[in-house]
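Below, each chain spelled out in residue letters.
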Amino acid sequence: YRGAVADLTRALELGDSPFQVRLFRAEAYAKLGDADAAAKDRAAADGLAPAGPSDYLTRGLIRVKADPAAALADFRTADELFPGYTQAMQAQAHV
């Protein structure tokens, strides 16, 4: 997961979606046992608004175990923003 943290940090530097990158990097930090860094990235992501359907899908995938209702709402929003979004529809079916 250290490589993932490094790659995701580089993605931030290159201008990739800070919302998605911070959510993914928080997961990587958590897998490494760095709860403080994970919490900081989650807080940073919480301070950002999802910018599009893929942001909603990403957030839903990350929160599906802890909060299925909120995840389902994210998947539905992703599908509303991009009708026919196959991944969003599949994710809804699994909640």
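Residues numbered from 1 in each chain as written. Predicted model: local features only at pLDDT ≥ 70, side-chain atom pairs only at ≥ 80, totals over all residues. Heavy atoms only, no water.

## Re the environment of Y29
- Structurally, Y29 is set in helix α2 (residues 18–32).
- Along the primary structure Y29 and K40 are separated by 11 residues, whereas in three dimensions their C-alpha atoms are 10.0 Å apart.
- Beyond its immediate sequence surroundings of up to four residues, Y29 is in contact with V5, D34, A37, A38 and D41. (Helix = DSSP H or I, 4+ residues; strand = E, 2+ residues; numbered from the N terminus. Contact = heavy atoms within 4.5 Å.)

## Details of α2
- With 15 residues, α2 should reach 21 Å at 1.5 Å per residue; the first-to-last C-alpha distance of 20 Å fits that figure.
- Turning to α2, its buried residues are F19, Q20, V21, L23, R25, A26, A28 and Y29.
- Of the surrounding secondary structure, the elements contacted by the buried residues of α2 are α1 (2–13), α3 (35–46) and α4 (53–63).
- Looking at the residues trailing α2, positive phi occurs at G33, about 85°. (Expected span 1.5 Å × (residues − 1). Buried < 20%, exposed > 50% of the residue type's maximum accessible area, 1.4 Å probe, protein only.)

## Regarding the pattern of salt bridges
- Under the definition given, this model contains 6 salt bridges.
- Linking R25 and D41 is a salt bridge whose minimum nitrogen-to-oxygen distance equals 2.6 Å. With R25 in helix α2 and D41 in helix α3, this residue pair connects regions lying 16 residues apart in the sequence.
- One salt bridge in this structure joins R63 and D74, with 2.9 Å as the shortest N-O distance. Taken together, the positions of R63 in helix α4 and D74 in helix α5 (residues 68–81) put the pair 11 residues apart, joining distant regions of the chain.
- Look at the salt bridges and you will find they share partners, linking R22, R25 and D41 into a network. (Salt bridge = Lys/Arg side-chain N within 4 Å of Asp/Glu carboxyl O.)

## Let's talk about the layout of surface pockets
- Counted as a void, the largest pocket has a volume near 170 Å³.
- Lining the largest pocket are F19, L23, E27, R42, A45, D46, L48, R59, I62 and R63.
- Breaking the lining of the largest pocket down by element, the ones donating at least two residues are α2, α3 and α4.
- Residue composition of the lining of the largest pocket, grouped by class: 5 nonpolar, no polar and 5 charged. (1 Å grid on protein atoms, 1.4 Å probe; cavity = no way out; pocket = protein on both sides within 12 Å on 5 of 7 lines; lining within 4 Å. Points joined across faces, edges and corners; volume = space filled by probe spheres on them. Nonpolar A, V, L, I, M, F, W, Y, C, P; charged D, E, K, R; others polar.)

Function cannot be read off these values alone, since they describe shape.
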